[in-house]
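Residue-level structure breakdown
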Amino acid sequence: MKLNNELISEYAKKIYGFAFSKTRNVEDAEDLSQDILTVLISEIDKNKDIENPDAYIYRICCYTWSKYLRKNKSRFSTVPLDDKFSVCDETDLFEDIEKKQLFEKLRHEIAYLTKTRREILIAHYFDEKTSGEIAEEFSLSPSTIRWHLGETRKELKERLNMEEKAIYKPEKLKIHYTGNITLDSLLMQMKKDVLLQNICIVCNEKEMTIQEIARKLSVAAIYIEDKIERLVYMDYLTEHNGKYRTNFHIKDTKCVLSEIQFILDNIDPIAKRIYEFSCEVYDKLDFAEEFKLDKNKIVADIVMLVTELSWFMGCEIIHKNWCNPPKRKDGSEHWIFAYLIVDDVLNCQTEYDNSTFEYLKSHFGKGIASQSVFLNKVKVKCHHCDTYLHDVRNVEEYQLVKLQRVNKIIENGNNVSENDKHIISGLVKDGFVSVKDGKPEMLIPYITKKKFKKFYKEIKKMYKNSGIEKMMVDYILRYGEFMDKFVPGNLSEENKLHSKYYRSGMTYELIFRLIEIGLLQMWEEDEKQSSLFVVWEE
């Protein structure tokens, strides 16, 4: 279809409707309509083929409206920025708008600019300020402002001619830490904030500018600038010459699978010895009398405690200061590392033994997780069953408060109030407590600080002559040598050391290895709510 006077006449009423919807004023609507018609008439001589008249004429309306605004900006100060700022230089962009849908793409690209360049660009092209006026506002020299404008124009033109890449698919991180944090810390927020996680993910392999991060994530720079600033403040990101790099270890699928294979190849001797030692502890400290629970469950809890103890003591023998966490600017002291949560990890078979994938398949959905929570200045540590390589079942502070309350009722033989009955009912539903003859009973080991000190002291005394320490030191040395190739080279030496030797999951894979070789028994489905869940106050 060709553009002609008849076609323009057909659209005259729609054009006036568009003009009035923008200006909300009869006189301005008439002026704007006349400007639009003038542009359309000037295009008749070009004899163009038009496939979609609606879209074609609408683009001309938008283009003319943006120019009209610039001439009359004092009377339209409340108009949205999208309407005001639709072109980036003084040339006639009509052809580009028609052929490349420049308007939408330009808005898209401007959103990726850093804060300084966005504001300079808008000040120059929308507010029509001179380089000198902008320089005074930004406390920069006029030549610097002109350089920013030139570089920004060049970058926008390059980006407008580039083909769009595939849209970024957000990933998720499972985040761990050692040390202490506050409940309102950035780290706790990052566990739930996928955008914070993905900023760290894209900066993990190489340094990136804010614009590169924004474009990679397909998120406007304005939405990530504050987050990046906070990540740098906490030293989770480092900044060098305007580029950012993740400052902690993110384990990818290759690293995770390689670790599992290493464990399967090396863990049996030490797993068996820790199990034997845990049975000795169970018998000597009379846990059967202390907790009216199945021996299989209690021994599994002791195995986890002993494994964690032996790992950390072994690391201290190898590197005395390996675990001293850095001080963060919010007052906390902690190390942080993470791994990518990969839902299709079982489809990644390329170079690993079948045993590695059989191990994952046989225990998928039966993994174990660990959690530490600070409660009334007391650290409460929990181990429990959960989904392997996926989000853990969170133990909330309110649940731990209730567990503390019910444990005191049981220990002191207190009467149960109406409020206590409500608390107990919730914990029964969670699988942590049962009621017998109107009195609550714990379904999980709950060890008070006093009892924990007593048990821990006895366990450490027995541990000295167990032979586990030598076995664990040898295992850790081989593990550290194996892991060295996966630790990012940009980390500090202290950070590398911690990343190489800290492993949160060894304890739980050791448990499942003991189940595989028949020394421990897997729990029935209805037992898993309380199995492998021990709370102790440190």
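Predicted model, so just to flag it, every value in this text is computed and none were measured.

A word on the overall build of the chain
Across its full length, the chain carries 25 helices and 11 strands. The long-range fraction of contacts in the chain, counting pairs at least 24 apart against all pairs at least 6 apart in sequence, stands at 70%. For the chain, the accessible surface area stands at approximately 27,600 Å², while carbon and sulfur atoms represent 49% of it.

Some points on a nonpolar patch on the surface
Taken together, Y16, F20 and V26 make up a surface patch of nonpolar side chains, about 230 Å² in accessible area. Inspection of the secondary structure puts F20 in helix 2 (residues 12-23). A relative accessible area of 30% means that F20 is categorised as partly exposed.

Some words on the environment of I222
Mapped onto the fold, I222 is located in the loop between helix 13 (210-217) and helix 14 (225-233). Take I222: its relative accessible area is 52%, and that puts it in the exposed class. Between the alpha carbons of I222 and Y112 there is a distance of 7.8 Å; along the sequence they are 110 residues apart.

Some details on the packing of helix 2 against helix 3 (residues 26-44)
In the contact formed by helix 2 and helix 3, the axes pass within 8 Å of each other and the chain directions differ by 135 degrees. It follows that helix 2 is oblique to helix 3 by the angle criterion. Handedness of the helix 2/helix 3 crossing: right-handed. Residue-level contacts link I15, Y16, F18, A19, F20 and T23 of helix 2 to V26, D28, A29, E30, L32, S33, I36, L37 and L40 of helix 3.

Thoughts on the pattern of salt bridges
This structure, assessed with the given rule, holds 13 salt bridges. The salt bridge partner of K500 is D484, with a shortest N-O separation of 3.7 Å. Of this pair, K500 sits in helix 24 (residues 493-501) while D484 is found in the loop between helix 23 (468-483) and helix 24, placing the two residues 16 residues apart along the sequence. Among the residues examined, K500 registers a relative accessible area of 17% and is labelled buried. A salt bridge links R513 to E516; the shortest N-O distance between them is 2.8 Å. One end of the pair is R513 and the other is E516, both in helix 25 (residues 506-516) and 3 residues apart, which spans about a single turn.

A word on the sheet that holds strand 4 (residues 249-251)
Strand order in the open sheet made by the 3 strands is 1-5-4, with mixed pairing throughout. Since the sheet does not close on itself, it has two edges, and those belong to strand 1 (173-180) and strand 4, each with one partner. Geometrically, the sheet is characterised by an average inter-axis angle of 20 degrees between neighbouring strands, direction not taken into account. As defined by bridge partners, strand 1 adjoins strand 5 (residues 333-340) across 8 bridges and the pair is classed as antiparallel. Bridge pairing links N180 to E333 in strand 5.

Describing the pairing of strand 9 (residues 439-442)
The alternating pattern of strand 9 places P440 and M442 on a buried face and K439 and E441 on a face that is not buried. One ladder, built from 4 bridges, connects strand 8 (residues 433-436) with strand 9; its direction is antiparallel. Counted as the bridge partner of S434 is E441 from strand 9. Counting the residues between successive antiparallel strands, the hairpin from strand 8 to strand 9 contains 2 residues, one of them, D437, with a positive phi of roughly 55 degrees.

Focus on unusual backbone geometry
Across the chain, the bulk of peptide bonds are trans and the bulk of non-glycine residues have phi less than zero. For S139, which is not glycine, the phi torsion reads 60 degrees and is therefore positive. Turning to its location among the elements, S139 is positioned in the loop between helix 9 (131-138) and helix 10 (142-160).

Here's the deal with the side chain of S278
Structurally, the position occupied by S278 is in helix 16 (residues 268-284). A polar contact is formed between the side chain of S278 and the backbone nitrogen of V303, at a distance of 3.5 Å. Beyond its immediate chain neighbours, meaning those up to four positions away, S278 contacts V299, I302, V303 and V306.

Brief notes about the packing of helix 16 against helix 23
Interaxial distance between helix 16 and helix 23 falls to 10 Å at its minimum, and their mutual angle equals 150 degrees. It follows that helix 16 is roughly antiparallel to helix 23 by the angle criterion. Considering the relative orientation of helix 16 and helix 23, their crossing is left-handed. Every residue of helix 23 that contacts helix 16 at P269, I270, R273, I274 and F277 is listed here: I468, M471 and M472.

Observations concerning helix 9
Within the span of helix 9, buried status applies to S131, I134, A135 and F138. Viewed end-on, helix 9 has its buried residues packed into an arc of 105 degrees, placing them on one side of the element.

As for the packing of aromatic side chains
Applying the stated rule across the entire model yields 11 aromatic pairs. Cluster of aromatic residues (ring-pair linked, three or more members): F262, W311, Y475, Y479, F482 and F486.

Side note on helix 13
Counting buried residues along helix 13, 6 of its 8 residues qualify, which places the element largely inside the surrounding structure. For helix 13, the set of buried residues is I210, Q211, I213, A214, R215 and L217. Looking one or two residues beyond helix 13, the residue adopting positive phi is S218, at roughly 60 degrees.

A look at the side chain of S466
Summarising the element assignment, S466 is placed in the loop between helix 22 (449-463) and helix 23. Within the structure, S466 has its side chain in polar contact with the backbone oxygen of Y463 (distance 2.7 Å). Apart from the residues lying within four places of it in its own chain, the contact partners of S466 are R273 and F277.

Considering the environment of K485
Along the chain, the position of K485 falls in the loop between helix 23 and helix 24. Sequence-wise, K485 and C255 are 230 residues apart; in three dimensions their C-alpha atoms are separated by 9.4 Å. From its side chain, K485 meets the backbone oxygen of F482 in a polar contact 3.0 Å long.

A few points about the confidence of the model for the chain
In this model, the chain carries a mean pLDDT of 77, and residues with pLDDT of at least 70 account for 75%. Mean pLDDT values for the elements of the chain range from 44 in helix 6 (residues 94-100) up to 95 in strand 3 (residues 243-246). Note on residues 84-100: pLDDT under 50 across the span, and 48 contacts to partners over four residues away in sequence or across chains. Counted against residues more than four places away or in other chains, residues 384-393, with its pLDDT under 50, gives 50 contacts.

Reading the values: the criteria
Residues numbered from 1 in each chain as written. Predicted model: local features only at pLDDT ≥ 70, side-chain atom pairs only at ≥ 80, totals over all residues. Heavy atoms only, no water. Helix = DSSP H or I, 4+ residues; strand = E, 2+ residues; numbered from the N terminus. Contact = heavy atoms within 4.5 Å. Areas by Shrake-Rupley, 256 points an atom, 1.4 Å probe, with all protein chains shown as cover. Patch = residues over 30% accessible without salt bridge, like charges linked within 9 Å, V, L, I, M, F, W, Y side chains within 5 Å. Salt bridge = Lys/Arg side-chain N within 4 Å of Asp/Glu carboxyl O. Buried < 20%, exposed > 50% of the residue type's maximum accessible area, 1.4 Å probe, protein only. Axes fitted to C-alpha atoms, helices over the stretch in contact; angles between N-to-C directions. Parallel < 35°, antiparallel > 145°, perpendicular 65-115°, else oblique. Left-handed = near helix turned anticlockwise from the far one by under 90°. Pairing = 2+ DSSP bridges. Polar contact = N/O pair within 3.5 Å; in protein donor to acceptor, adjacent residues only side chain to side chain. Arc of directions from axis to C-beta. Phe/Tyr/Trp six-rings, centres within 6.5 Å; stacked < 30°, edge-to-face > 60°. pLDDT = per-residue confidence, 0-100.

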